[in-house]
Number of protein chains: 2
Amino acid sequence: MAKSDELAADVRRRLQAARVLTFNLVSSPGSGKTTLLERTLADLGAEFAISVVTGDVQTQNDADRLARHTDRLVQAVVTNGACHLDARQVATALDEVDLNNTRLLFIENVGNLVCPADYDLGEDLRVVLLSTTEGEDKPLKYPPMFHSADVAIVTKSDLAAAAGFNREQALANLKRVSHHAEIFELSAKTGDGMRSWLDFLVKRQRV
Amino acid sequence: MAKSDELAADVRRRLQAARVLTFNLVSSPGSGKTTLLERTLADLGAEFAISVVTGDVQTQNDADRLARHTDRLVQAVVTNGACHLDARQVATALDEVDLNNTRLLFIENVGNLVCPADYDLGEDLRVVLLSTTEGEDKPLKYPPMFHSADVAIVTKSDLAAAAGFNREQALANLKRVSHHAEIFELSAKTGDGMRSWLDFLVKRQRV
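The text that follows walks through the structure, step by step, so that each part is easy to find. (Residues numbered from 1 in each chain as written. Chains lettered and ligands numbered in written order. Predicted model: local features only at pLDDT ≥ 70, side-chain atom pairs only at ≥ 80, totals over all residues. Heavy atoms only, no water.)

**Overview of the state of the cysteines**
When the sulfur atoms of two cysteines share a covalent bond, that bond is a disulfide.
Residues and elements named next belong to chain A.
Part 1: Tallied over the entire structure, the rule returns 2 disulfides over all chains.
Part 2: Here Cys83 engages in a disulfide with Cys115; their sulfurs sit 2.2 Å apart. With the S-S bond torsion at -100 degrees, the cross-link from Cys83 to Cys115 turns out left-handed. With Cys83 in the loop between β3 (73-75) and α4 (87-94) and Cys115 in the loop between β4 (104-108) and β5 (125-131), the pair connects residues that are 32 residues apart, well separated along the chain. Exposure class is identical for Cys83 and Cys115. Each is buried. (Disulfide = S-S within 2.5 Å. Helix = DSSP H or I, 4+ residues; strand = E, 2+ residues; numbered from the N terminus. Buried < 20%, exposed > 50% of the residue type's maximum accessible area, 1.4 Å probe, protein only.)

Printed below as a string of C-alpha coordinates:
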(Lines give C-alpha, C1' and ligand atoms only; values in the text may rest on other atoms or scores of the structure.)
Protein backbone atom coordinates (compact mmCIF):
# COMPACT_ATOMS: atom_id res chain seq x y z
CA MET A 1 0.00 0.00 0.00
CA ALA A 2 2.88 2.39 0.79
CA LYS A 3 4.40 1.45 -2.57
CA SER A 4 1.07 2.09 -4.26
CA ASP A 5 0.81 5.53 -2.63
CA GLU A 6 4.33 6.37 -3.80
CA LEU A 7 3.42 5.40 -7.34
CA ALA A 8 0.28 7.52 -7.11
CA ALA A 9 2.38 10.47 -5.95
CA ASP A 10 4.65 9.97 -8.99
CA VAL A 11 1.62 9.94 -11.28
CA ARG A 12 0.27 13.07 -9.63
CA ARG A 13 3.57 14.97 -10.06
CA ARG A 14 3.76 13.89 -13.71
CA LEU A 15 0.21 15.03 -14.45
CA GLN A 16 0.55 18.31 -12.61
CA ALA A 17 3.82 19.06 -14.43
CA ALA A 18 1.98 18.63 -17.71
CA ARG A 19 -0.86 20.84 -16.37
CA VAL A 20 -3.39 18.06 -16.80
CA LEU A 21 -6.43 17.99 -14.49
CA THR A 22 -7.29 14.38 -13.72
CA PHE A 23 -10.54 12.74 -12.67
CA ASN A 24 -10.95 9.22 -11.29
CA LEU A 25 -14.48 8.02 -12.11
CA VAL A 26 -15.90 5.39 -9.77
CA SER A 27 -19.34 3.82 -9.33
CA SER A 28 -21.31 0.59 -9.33
CA PRO A 29 -21.29 -1.31 -12.60
CA GLY A 30 -23.90 0.25 -14.84
CA SER A 31 -24.21 3.64 -13.17
CA GLY A 32 -23.28 5.37 -16.39
CA LYS A 33 -19.56 6.18 -16.30
CA THR A 34 -19.04 5.41 -19.97
CA THR A 35 -22.21 7.20 -21.07
CA LEU A 36 -21.20 10.30 -19.09
CA LEU A 37 -17.79 10.24 -20.75
CA GLU A 38 -19.30 9.76 -24.21
CA ARG A 39 -21.56 12.75 -23.72
CA THR A 40 -18.80 14.87 -22.16
CA LEU A 41 -16.45 14.12 -25.06
CA ALA A 42 -19.18 14.85 -27.59
CA ASP A 43 -20.25 18.11 -25.91
CA LEU A 44 -16.82 19.55 -25.17
CA GLY A 45 -15.50 18.48 -28.53
CA ALA A 46 -12.12 17.37 -29.84
CA GLU A 47 -10.60 20.87 -29.53
CA PHE A 48 -10.85 20.66 -25.75
CA ALA A 49 -8.10 18.04 -25.55
CA ILE A 50 -9.58 15.41 -23.27
CA SER A 51 -7.80 12.10 -22.84
CA VAL A 52 -9.28 8.96 -21.33
CA VAL A 53 -7.78 5.93 -19.60
CA THR A 54 -10.36 3.19 -19.31
CA GLY A 55 -10.02 0.20 -17.02
CA ASP A 56 -12.46 -2.32 -18.37
CA VAL A 57 -11.92 -5.70 -16.76
CA GLN A 58 -12.64 -8.12 -19.55
CA THR A 59 -14.00 -6.50 -22.65
CA GLN A 60 -13.25 -3.82 -25.18
CA ASN A 61 -16.82 -2.52 -24.90
CA ASP A 62 -16.16 0.74 -23.10
CA ALA A 63 -13.07 1.47 -25.18
CA ASP A 64 -15.04 0.83 -28.37
CA ARG A 65 -17.82 3.16 -27.27
CA LEU A 66 -15.40 5.92 -26.28
CA ALA A 67 -13.27 5.51 -29.41
CA ARG A 68 -16.19 6.85 -31.43
CA HIS A 69 -15.67 10.19 -29.70
CA THR A 70 -11.92 10.46 -29.26
CA ASP A 71 -8.61 9.09 -30.46
CA ARG A 72 -7.03 10.09 -27.15
CA LEU A 73 -7.97 6.85 -25.48
CA VAL A 74 -5.79 4.29 -23.75
CA GLN A 75 -7.03 1.06 -22.24
CA ALA A 76 -5.35 0.26 -18.92
CA VAL A 77 -4.53 -3.38 -18.43
CA VAL A 78 -6.43 -4.57 -15.37
CA THR A 79 -5.15 -7.77 -13.84
CA ASN A 80 -7.60 -10.62 -14.29
CA GLY A 81 -9.90 -10.78 -11.30
CA ALA A 82 -8.93 -7.32 -10.04
CA CYS A 83 -11.70 -5.06 -8.81
CA HIS A 84 -9.96 -1.70 -9.19
CA LEU A 85 -7.27 0.15 -11.09
CA ASP A 86 -3.99 0.93 -9.36
CA ALA A 87 -1.40 3.65 -9.86
CA ARG A 88 1.05 1.33 -11.58
CA GLN A 89 -1.52 0.45 -14.27
CA VAL A 90 -2.30 4.13 -14.71
CA ALA A 91 1.40 5.03 -14.95
CA THR A 92 1.85 2.44 -17.70
CA ALA A 93 -1.22 3.69 -19.56
CA LEU A 94 0.03 7.28 -19.36
CA ASP A 95 3.11 6.36 -21.39
CA GLU A 96 0.76 6.23 -24.35
CA VAL A 97 -1.06 9.51 -23.60
CA ASP A 98 0.10 12.77 -25.17
CA LEU A 99 0.06 14.62 -21.86
CA ASN A 100 1.39 17.90 -23.21
CA ASN A 101 -1.64 18.13 -25.44
CA THR A 102 -4.15 17.07 -22.80
CA ARG A 103 -6.14 19.47 -20.62
CA LEU A 104 -8.44 17.02 -18.87
CA LEU A 105 -7.78 13.34 -18.21
CA PHE A 106 -10.55 10.98 -17.21
CA ILE A 107 -9.68 7.64 -15.68
CA GLU A 108 -12.64 5.29 -15.84
CA ASN A 109 -12.15 2.90 -12.95
CA VAL A 110 -13.57 -0.63 -12.64
CA GLY A 111 -17.28 -0.63 -11.73
CA ASN A 112 -17.10 -1.31 -8.02
CA LEU A 113 -18.10 0.55 -4.85
CA VAL A 114 -15.67 -1.19 -2.52
CA CYS A 115 -12.20 -1.91 -3.90
CA PRO A 116 -11.33 1.37 -5.68
CA ALA A 117 -11.87 3.39 -2.48
CA ASP A 118 -8.42 2.64 -1.08
CA TYR A 119 -6.46 3.15 -4.28
CA ASP A 120 -5.17 6.61 -5.04
CA LEU A 121 -4.45 6.75 -8.77
CA GLY A 122 -2.80 10.15 -8.66
CA GLU A 123 -6.00 11.94 -9.64
CA ASP A 124 -6.88 15.51 -8.70
CA LEU A 125 -10.55 14.78 -8.19
CA ARG A 126 -12.43 11.63 -7.43
CA VAL A 127 -15.87 11.51 -9.00
CA VAL A 128 -18.46 9.06 -7.74
CA LEU A 129 -21.62 8.34 -9.72
CA LEU A 130 -24.92 7.34 -8.15
CA SER A 131 -27.68 6.45 -10.61
CA THR A 132 -31.32 7.11 -9.80
CA THR A 133 -32.07 3.43 -10.43
CA GLU A 134 -29.71 1.90 -7.89
CA GLY A 135 -31.18 3.18 -4.64
CA GLU A 136 -30.79 6.21 -2.42
CA ASP A 137 -29.02 4.20 0.27
CA LYS A 138 -25.76 3.54 -1.57
CA PRO A 139 -23.78 6.38 0.06
CA LEU A 140 -24.65 4.92 3.47
CA LYS A 141 -23.77 1.40 2.39
CA TYR A 142 -20.43 2.27 0.81
CA PRO A 143 -19.15 5.15 2.93
CA PRO A 144 -15.40 4.89 2.21
CA MET A 145 -16.06 5.27 -1.52
CA PHE A 146 -18.59 8.07 -1.18
CA HIS A 147 -16.70 9.84 1.58
CA SER A 148 -13.55 10.03 -0.53
CA ALA A 149 -15.34 11.71 -3.45
CA ASP A 150 -14.64 15.31 -4.45
CA VAL A 151 -17.55 15.26 -6.87
CA ALA A 152 -20.77 13.25 -6.70
CA ILE A 153 -22.97 12.95 -9.77
CA VAL A 154 -26.53 11.69 -9.62
CA THR A 155 -26.94 10.08 -13.05
CA LYS A 156 -29.93 8.83 -15.07
CA SER A 157 -32.15 11.66 -13.87
CA ASP A 158 -34.43 10.79 -16.82
CA LEU A 159 -35.28 7.51 -15.05
CA ALA A 160 -35.88 9.07 -11.62
CA ALA A 161 -39.67 9.14 -11.84
CA ALA A 162 -40.01 5.63 -13.30
CA ALA A 163 -37.66 4.23 -10.67
CA GLY A 164 -39.47 5.98 -7.82
CA PHE A 165 -36.21 7.73 -6.92
CA ASN A 166 -36.41 9.67 -3.65
CA ARG A 167 -34.29 12.67 -4.59
CA GLU A 168 -34.40 14.38 -1.19
CA GLN A 169 -33.28 11.20 0.58
CA ALA A 170 -30.48 10.61 -1.92
CA LEU A 171 -29.18 14.16 -1.63
CA ALA A 172 -29.39 14.01 2.15
CA ASN A 173 -27.38 10.74 2.13
CA LEU A 174 -24.83 12.24 -0.25
CA LYS A 175 -24.47 15.37 1.87
CA ARG A 176 -24.01 13.23 4.95
CA VAL A 177 -21.34 10.90 3.52
CA SER A 178 -19.86 12.73 0.53
CA HIS A 179 -19.71 15.96 2.50
CA HIS A 180 -16.60 17.20 0.72
CA ALA A 181 -18.25 16.75 -2.65
CA GLU A 182 -19.71 19.13 -5.15
CA ILE A 183 -22.94 17.54 -6.34
CA PHE A 184 -24.38 17.41 -9.86
CA GLU A 185 -27.60 15.87 -11.10
CA LEU A 186 -27.90 15.00 -14.77
CA SER A 187 -28.92 12.66 -17.54
CA ALA A 188 -26.15 12.01 -20.03
CA LYS A 189 -28.81 10.41 -22.24
CA THR A 190 -31.13 13.42 -22.53
CA GLY A 191 -28.48 16.06 -21.80
CA ASP A 192 -30.49 17.44 -18.90
CA GLY A 193 -28.16 18.96 -16.31
CA MET A 194 -25.02 18.45 -18.42
CA ARG A 195 -24.36 22.19 -18.68
CA SER A 196 -23.35 22.61 -15.00
CA TRP A 197 -21.01 19.64 -15.22
CA LEU A 198 -19.38 20.91 -18.41
CA ASP A 199 -19.02 24.41 -16.95
CA PHE A 200 -17.37 22.89 -13.91
CA LEU A 201 -14.86 21.06 -16.10
CA VAL A 202 -14.02 24.13 -18.14
CA LYS A 203 -13.67 26.25 -15.02
CA ARG A 204 -11.46 23.74 -13.20
CA GLN A 205 -8.95 23.03 -15.97
CA ARG A 206 -5.36 23.99 -15.19
CA VAL A 207 -4.04 27.07 -16.94
CA MET B 1 -8.30 -20.25 -0.62
CA ALA B 2 -8.01 -23.98 0.07
CA LYS B 3 -9.03 -23.27 3.66
CA SER B 4 -11.98 -21.23 2.40
CA ASP B 5 -13.09 -24.08 0.13
CA GLU B 6 -12.88 -26.51 3.05
CA LEU B 7 -15.05 -24.23 5.16
CA ALA B 8 -17.53 -23.96 2.30
CA ALA B 9 -17.66 -27.75 2.05
CA ASP B 10 -18.41 -27.88 5.79
CA VAL B 11 -21.22 -25.36 5.38
CA ARG B 12 -22.62 -27.34 2.44
CA ARG B 13 -22.65 -30.61 4.40
CA ARG B 14 -24.33 -28.91 7.33
CA LEU B 15 -27.05 -27.37 5.14
CA GLN B 16 -27.66 -30.54 3.18
CA ALA B 17 -27.92 -32.57 6.38
CA ALA B 18 -30.67 -30.18 7.53
CA ARG B 19 -32.31 -30.48 4.08
CA VAL B 20 -32.00 -26.76 3.48
CA LEU B 21 -31.70 -25.54 -0.11
CA THR B 22 -29.37 -22.56 -0.18
CA PHE B 23 -29.04 -19.67 -2.62
CA ASN B 24 -26.16 -17.20 -2.83
CA LEU B 25 -27.49 -13.93 -4.30
CA VAL B 26 -24.93 -11.78 -6.09
CA SER B 27 -25.15 -8.65 -8.26
CA SER B 28 -24.00 -5.06 -8.65
CA PRO B 29 -25.03 -2.72 -5.86
CA GLY B 30 -28.61 -1.66 -6.50
CA SER B 31 -29.69 -4.47 -8.83
CA GLY B 32 -32.49 -5.40 -6.50
CA LYS B 33 -31.34 -8.29 -4.29
CA THR B 34 -33.11 -6.97 -1.19
CA THR B 35 -36.29 -6.05 -3.08
CA LEU B 36 -36.40 -9.53 -4.64
CA LEU B 37 -36.02 -11.09 -1.20
CA GLU B 38 -38.69 -8.83 0.30
CA ARG B 39 -41.14 -9.83 -2.41
CA THR B 40 -40.20 -13.50 -2.23
CA LEU B 41 -40.70 -13.55 1.53
CA ALA B 42 -44.01 -11.72 1.23
CA ASP B 43 -45.31 -13.96 -1.56
CA LEU B 44 -44.23 -17.32 -0.19
CA GLY B 45 -45.25 -16.37 3.33
CA ALA B 46 -44.01 -17.23 6.77
CA GLU B 47 -45.29 -20.82 6.57
CA PHE B 48 -42.74 -21.63 3.88
CA ALA B 49 -39.83 -21.39 6.32
CA ILE B 50 -37.35 -19.19 4.53
CA SER B 51 -34.28 -17.94 6.38
CA VAL B 52 -32.00 -15.16 5.25
CA VAL B 53 -28.36 -14.32 5.93
CA THR B 54 -27.59 -10.82 4.77
CA GLY B 55 -24.09 -9.46 4.28
CA ASP B 56 -24.51 -5.72 4.28
CA VAL B 57 -21.15 -3.99 4.53
CA GLN B 58 -21.86 -0.96 6.64
CA THR B 59 -25.51 -0.47 7.38
CA GLN B 60 -28.49 -2.17 8.86
CA ASN B 61 -30.64 -1.04 5.92
CA ASP B 62 -31.10 -4.39 4.19
CA ALA B 63 -31.62 -6.18 7.47
CA ASP B 64 -34.22 -3.62 8.54
CA ARG B 65 -36.10 -3.98 5.26
CA LEU B 66 -36.08 -7.76 5.42
CA ALA B 67 -37.00 -7.85 9.10
CA ARG B 68 -40.42 -6.51 8.15
CA HIS B 69 -41.08 -9.81 6.35
CA THR B 70 -39.33 -12.41 8.47
CA ASP B 71 -37.91 -13.06 11.90
CA ARG B 72 -35.61 -15.70 10.43
CA LEU B 73 -32.93 -13.19 9.57
CA VAL B 74 -29.28 -13.12 10.56
CA GLN B 75 -26.83 -10.41 9.63
CA ALA B 76 -23.43 -11.78 8.70
CA VAL B 77 -20.52 -9.73 9.93
CA VAL B 78 -18.56 -8.58 6.90
CA THR B 79 -15.02 -7.42 7.63
CA ASN B 80 -14.65 -3.69 7.11
CA GLY B 81 -13.57 -3.02 3.55
CA ALA B 82 -14.38 -6.53 2.37
CA CYS B 83 -16.13 -6.87 -0.97
CA HIS B 84 -17.68 -10.31 -0.51
CA LEU B 85 -18.93 -12.77 2.07
CA ASP B 86 -16.85 -15.83 2.85
CA ALA B 87 -17.74 -19.28 4.15
CA ARG B 88 -16.42 -18.54 7.64
CA GLN B 89 -18.79 -15.58 8.01
CA VAL B 90 -21.67 -17.70 6.75
CA ALA B 91 -20.78 -20.56 9.12
CA THR B 92 -20.86 -18.13 12.06
CA ALA B 93 -24.17 -16.65 10.93
CA LEU B 94 -25.68 -20.15 10.59
CA ASP B 95 -25.15 -20.74 14.31
CA GLU B 96 -28.08 -18.37 14.81
CA VAL B 97 -30.34 -19.91 12.15
CA ASP B 98 -32.89 -22.59 13.07
CA LEU B 99 -31.81 -24.89 10.22
CA ASN B 100 -34.14 -27.71 11.11
CA ASN B 101 -37.07 -25.42 10.56
CA THR B 102 -35.73 -23.87 7.38
CA ARG B 103 -36.57 -25.07 3.87
CA LEU B 104 -34.90 -22.34 1.82
CA LEU B 105 -31.95 -20.21 2.86
CA PHE B 106 -31.02 -17.06 0.99
CA ILE B 107 -27.59 -15.55 1.49
CA GLU B 108 -27.54 -11.96 0.27
CA ASN B 109 -23.94 -11.30 -0.70
CA VAL B 110 -22.19 -7.93 -0.86
CA GLY B 111 -23.16 -5.94 -3.98
CA ASN B 112 -20.17 -6.57 -6.20
CA LEU B 113 -19.64 -8.26 -9.57
CA VAL B 114 -15.97 -9.11 -9.05
CA CYS B 115 -14.98 -10.30 -5.58
CA PRO B 116 -17.79 -12.75 -4.71
CA ALA B 117 -17.12 -14.83 -7.84
CA ASP B 118 -14.24 -16.77 -6.29
CA TYR B 119 -15.85 -17.43 -2.90
CA ASP B 120 -17.92 -20.56 -2.50
CA LEU B 121 -20.20 -20.04 0.48
CA GLY B 122 -21.48 -23.60 0.54
CA GLU B 123 -24.59 -22.69 -1.43
CA ASP B 124 -26.50 -25.06 -3.68
CA LEU B 125 -27.31 -22.45 -6.28
CA ARG B 126 -25.66 -19.18 -7.15
CA VAL B 127 -28.13 -16.57 -8.34
CA VAL B 128 -26.89 -13.52 -10.25
CA LEU B 129 -29.15 -10.50 -10.81
CA LEU B 130 -28.89 -8.18 -13.80
CA SER B 131 -31.16 -5.15 -13.71
CA THR B 132 -32.58 -3.67 -16.89
CA THR B 133 -31.09 -0.30 -15.91
CA GLU B 134 -27.45 -1.32 -15.65
CA GLY B 135 -26.70 -2.31 -19.22
CA GLU B 136 -26.86 -5.43 -21.36
CA ASP B 137 -23.08 -5.79 -21.44
CA LYS B 138 -22.53 -6.73 -17.79
CA PRO B 139 -22.32 -10.52 -18.40
CA LEU B 140 -19.52 -9.88 -20.91
CA LYS B 141 -17.72 -7.49 -18.57
CA TYR B 142 -17.89 -9.72 -15.50
CA PRO B 143 -17.67 -13.25 -16.90
CA PRO B 144 -16.39 -15.12 -13.83
CA MET B 145 -19.40 -13.94 -11.82
CA PHE B 146 -21.96 -14.57 -14.57
CA HIS B 147 -20.38 -17.83 -15.69
CA SER B 148 -20.56 -19.28 -12.19
CA ALA B 149 -24.29 -18.61 -11.87
CA ASP B 150 -26.86 -21.40 -11.74
CA VAL B 151 -29.69 -18.91 -12.00
CA ALA B 152 -29.71 -15.51 -13.71
CA ILE B 153 -32.53 -13.08 -12.98
CA VAL B 154 -33.20 -10.03 -15.11
CA THR B 155 -34.69 -7.60 -12.56
CA LYS B 156 -36.56 -4.28 -12.82
CA SER B 157 -38.42 -5.36 -15.95
CA ASP B 158 -40.84 -2.50 -15.21
CA LEU B 159 -38.03 -0.05 -16.07
CA ALA B 160 -36.95 -1.82 -19.27
CA ALA B 161 -38.74 0.49 -21.68
CA ALA B 162 -37.74 3.71 -19.90
CA ALA B 163 -34.13 2.57 -19.74
CA GLY B 164 -34.04 1.54 -23.40
CA PHE B 165 -33.12 -1.98 -22.33
CA ASN B 166 -32.19 -4.22 -25.26
CA ARG B 167 -33.72 -7.47 -24.06
CA GLU B 168 -32.53 -9.65 -26.95
CA GLN B 169 -28.94 -8.50 -26.49
CA ALA B 170 -29.08 -9.02 -22.74
CA LEU B 171 -30.48 -12.53 -23.08
CA ALA B 172 -27.93 -13.36 -25.77
CA ASN B 173 -25.13 -12.16 -23.47
CA LEU B 174 -26.54 -14.14 -20.56
CA LYS B 175 -26.86 -17.28 -22.68
CA ARG B 176 -23.30 -16.86 -23.84
CA VAL B 177 -21.71 -16.32 -20.42
CA SER B 178 -24.20 -17.75 -17.91
CA HIS B 179 -24.76 -20.77 -20.08
CA HIS B 180 -25.38 -23.09 -17.15
CA ALA B 181 -28.06 -20.80 -15.81
CA GLU B 182 -31.81 -20.95 -15.73
CA ILE B 183 -33.02 -17.47 -16.64
CA PHE B 184 -35.90 -15.50 -15.13
CA GLU B 185 -37.18 -12.05 -16.00
CA LEU B 186 -39.23 -10.18 -13.44
CA SER B 187 -40.11 -7.04 -11.56
CA ALA B 188 -40.20 -7.52 -7.81
CA LYS B 189 -41.85 -4.10 -7.62
CA THR B 190 -44.85 -4.84 -9.83
CA GLY B 191 -44.83 -8.60 -9.32
CA ASP B 192 -44.57 -9.22 -13.04
CA GLY B 193 -42.77 -12.52 -13.68
CA MET B 194 -42.55 -13.43 -9.98
CA ARG B 195 -44.70 -16.53 -10.44
CA SER B 196 -42.06 -18.51 -12.41
CA TRP B 197 -39.41 -17.66 -9.84
CA LEU B 198 -41.63 -18.71 -6.93
CA ASP B 199 -42.62 -21.93 -8.70
CA PHE B 200 -38.95 -22.67 -9.25
CA LEU B 201 -38.24 -22.22 -5.53
CA VAL B 202 -41.12 -24.42 -4.46
CA LYS B 203 -40.15 -27.09 -6.97
CA ARG B 204 -36.49 -27.11 -6.02
CA GLN B 205 -36.84 -27.30 -2.25
CA ARG B 206 -35.34 -30.41 -0.64
CA VAL B 207 -37.84 -32.97 0.59
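**Some thoughts on the pattern of salt bridges**
All names here are of chain B.
Part 1: Tallying each qualifying case throughout the model produces 29 salt bridges over all chains.
Part 2: Residue Asp95 is joined to Arg14 by a salt bridge in which the shortest nitrogen-to-oxygen separation is 2.7 Å. Of the two residues, Asp95 is situated in the loop between α4 (87-94) and β4 (104-108) and Arg14 in helix α1 (residues 2-17); the sequence distance between them amounts to 81 residues.
Part 3: Look at Asp95 and you get exposed, because its relative accessible area is 57%.
Part 4: Residue class for Arg14 comes out partly exposed when judged on its relative accessible area of 30%.
Part 5: Arg39 is the partner of Asp43 in a salt bridge, and the nearest nitrogen-oxygen pair spans 3.3 Å. One end of the pair is Asp43 and the other is Arg39, both in helix α2 (residues 33-44) and 4 residues apart, which spans about a single turn.
Part 6: Residue Arg39 is classed as partly exposed on the basis of its relative accessible area of 26%. (Salt bridge = Lys/Arg side-chain N within 4 Å of Asp/Glu carboxyl O.)

**Comments concerning the sheet that holds strand β6 (residues 151-155) of chain A**
Residue and element names in this part refer to chain A.
Part 1: With parallel pairing, 7 strands are arranged side by side in an open sheet as β3-β2-β4-β1-β5-β6-β7. On the outer flanks of this sheet lie β3 and β7 (182-185), each paired with one strand and no other. Between one strand axis and the next, the sheet turns by 20 degrees as a mean value, whatever way the strands run.
Part 2: Sheet analysis places β5 next to β6, joined by 5 bridges and oriented parallel. For Val127, the partnering residue across the bridge sits in β6 and is Val151. (Pairing = 2+ DSSP bridges. Axes fitted to C-alpha atoms, helices over the stretch in contact; angles between N-to-C directions.)

**Looking at the side chain of Thr22 of chain A**
Part 1: For Thr22 of chain A, the position within the fold is in strand β1 (residues 21-26).
Part 2: In contact with Thr22 of chain A, not counting residues within four places along its chain, are Leu15, Leu105, Ile107, Glu123, Asp124 and Leu125 of chain A. (Contact = heavy atoms within 4.5 Å.)

**Some thoughts on the relation of the copies chain A and chain B**
Part 1: With an axial shift of 0.0 Å and an RMSD of 0.0 Å, the rotation relating chain A to chain B amounts to 180 degrees. Accordingly, the operation relating the two chain copies is best matched by a two-fold axis.
Part 2: Taken together, the interface assignments show that 100% of the residues at the interface of chain A recur at the interface of chain B, consistent with an identical surface on both copies. (Least-squares fit on C-alpha atoms with pLDDT ≥ 70 in both.)

**Thoughts on unusual backbone geometry**
All names here are of chain B.
Part 1: One non-glycine residue, Arg19, lies in positive phi territory at about 55 degrees.
Part 2: For Arg19, the location among the structural elements is in the loop between α1 and β1 (21-26).
Part 3: Given a relative accessible area of 42%, Arg19 falls into the partly exposed group.
Part 4: Of note, Lys156 is a non-glycine position whose phi angle comes to about 55 degrees, a positive value.
Part 5: Within the fold, Lys156 resides in the loop between β6 (151-155) and α7 (160-163).

**Details of the interface of chain A and chain B**
It is common to give the size of an interface as the accessible area that goes away when the parts come together.
Part 1: Contacts between chain A and chain B engage 33 residues on the former and 33 residues on the latter.
Part 2: Each partner contributes to the roughly 2,300 Å² buried at the junction of chain A and chain B, and carbon and sulfur atoms together form 55% of this total.
Part 3: In terms of surface lost to chain B, no three residues of chain A exceed Pro29, Val114 and Lys141 of chain A, which account for 23% of the buried area on that side.
Part 4: For the pair chain A and chain B, the interface holds 2 salt bridges.
Part 5: Here Lys141 of chain A makes a salt bridge to Asp62 of chain B, at a shortest N to O gap of 2.8 Å.
Part 6: For the interface between chain A and chain B, the tally reads 8 residue pairs in polar contact (both at pLDDT 80 or more).
Part 7: Of all the secondary structure elements, the ones that give two or more residues to the side of chain A that touches chain B are α3 (61-67), α5 (138-141), α6 (143-147) and α7 (160-163) of chain A.
Part 8: At 3 residues, the largest contribution of residues to the side of chain A that touches chain B is made by α5 of chain A.
Part 9: Taken together, the residues that form the side of chain A that touches chain B break down as 15 nonpolar, 10 polar and 8 charged. (Buried area = accessible area lost by both parts, 1.4 Å probe. Polar contact = N/O pair within 3.5 Å; in protein donor to acceptor, adjacent residues only side chain to side chain. Nonpolar A, V, L, I, M, F, W, Y, C, P; charged D, E, K, R; others polar.)

**Concerning the sheet that holds strand β3 (residues 73-75) of chain B**
Residue and element names in this part refer to chain B.
Part 1: Overall, parallel pairing links the 7 strands, which are arranged β3-β2-β4-β1-β5-β6-β7 in an open sheet. The open sheet has two edge strands with one neighbour each: β3 and β7 (182-185). Strand after strand, the sheet turns through a mean of 20 degrees between neighbouring axes, direction not considered.
Part 2: Sheet analysis places β1 next to β4, joined by 5 bridges and oriented parallel. Bridge pairing in β4 places Leu25 opposite Glu108.

**Describing the packing of α1 of chain B against α4 of chain B**
All names here are of chain B.
Part 1: Where α1 meets α4, the closest approach of the two axes is 8 Å, and the angle between their N-to-C directions is 30 degrees. As the angle between them shows, α1 and α4 are arranged roughly parallel. Helix-helix and strand crossings are classified by hand; for α1 and α4 the assignment is left-handed. Where α1 approaches α4, its residues Lys3, Ser4, Leu7, Ala8, Val11, Arg14 and Leu15 are matched on the opposing element by Ala87, Arg88, Val90, Ala91 and Leu94.
Part 2: For the contact of α1 with α4, the residue count by class is 8 nonpolar, 1 polar and 3 charged. (Parallel < 35°, antiparallel > 145°, perpendicular 65-115°, else oblique. Left-handed = near helix turned anticlockwise from the far one by under 90°.)

From the geometry alone we can't say anything about function, so treat these as descriptive.
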